[in-house]
Amino acid sequence: MAKGYWIATGKVNDLKRIKKYSEAFNNWLPKVKGKFIIRDYDTIEEENGNGNLSAVVEFPSKEAAIDAYNSEEYQSMISLRKPFSEISLIICKGC
């Protein structure tokens, strides 16, 4: 079965104030069998970049990635991130 991925790009406007979200996310991620493949707060933008953040999170399947996103716990965490970031997130299936 192909893995599922969250691919996030965007801007983190305040690294100190987004820390509460990061801590909650890091504690939650193993519960949904996710793991970071990439997390970079200092992305180099060469062509049509979206900001200073690039992150890829791997899940056991695309369905697991969708379920993780739709989970009550993650949905409540979004409010910890939004005031301090402008993020674009896609969910996709690996090869």
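Calculation notes
- Residues numbered from 1 in each chain as written.
- Predicted model: local features only at pLDDT ≥ 70, side-chain atom pairs only at ≥ 80, totals over all residues.
- Heavy atoms only, no water.
- Pairing = 2+ DSSP bridges.
- Helix = DSSP H or I, 4+ residues; strand = E, 2+ residues; numbered from the N terminus.
- Axes fitted to C-alpha atoms, helices over the stretch in contact; angles between N-to-C directions.
- Contact = heavy atoms within 4.5 Å.
- Salt bridge = Lys/Arg side-chain N within 4 Å of Asp/Glu carboxyl O.
- Buried < 20%, exposed > 50% of the residue type's maximum accessible area, 1.4 Å probe, protein only.
- Core = buried A, V, L, I, M, F, W, Y, C linked by side-chain atoms within 4.5 Å.

S.K.: Tell me what's going on with the sheet that holds strand S1 (residues 4–12), and back it up with residues and numbers.
M.R.: Across the sheet, four strands lie side by side as S2-S3-S1-S4; this open sheet has antiparallel pairing. Two strands in the sheet have a free side with no partner beyond their single neighbour: strand S2 (35–40) and strand S4 (85–93). Shown here is a sheet whose adjacent strand axes are inclined to one another by a mean of 15°, direction ignored. Where S1 lies against strand S3 (residues 53–59), seven bridges are found, and the strand directions are antiparallel. Directly across from Gly 4, in S3, lies its bridge partner Phe 59. Docked against the sheet, helix H1 (residues 19–28) engages S1, S2 and S3, running at close to 155° with respect to S2. Docked against the sheet, helix H2 (residues 62–70) engages S1, S3 and S4, running at close to 150° with respect to S4.

S.K.: Give me the pattern of salt bridges: which residues, what numbers.
M.R.: Here the structure, examined in full by the defined rule, presents two salt bridges. Across the pair Glu 73 and Lys 31 runs a salt bridge whose closest N-O atoms are separated by 3.5 Å. Highlighted residues: Glu 73 in helix H3 (residues 72–81) and Lys 31 in the loop between H1 and S2, separated in sequence by 42 residues. Here Glu 58 and Lys 35 are joined by a salt bridge, their closest N and O atoms 3.7 Å apart. With Glu 58 in strand S3 and Lys 35 in strand S2, this pair connects stretches of sequence that are 23 residues apart. When its relative accessible area of 46% is taken as the criterion, Lys 35 is described as partly exposed.

S.K.: Kindly report on the nonpolar core, identifying the contributing residues and their values.
M.R.: Formed by 20 residues in total, the largest nonpolar core has its most connected members in Trp 6, Phe 25, Trp 28, Leu 29, Phe 59 and Tyr 74. Going through the elements one at a time, S1, H1, S3, H2 and H3 are the ones with two or more residues in this core. Top element by residues in this core is S3. It accounts for four residues.

All we've got here are geometric facts, nothing functional implied.
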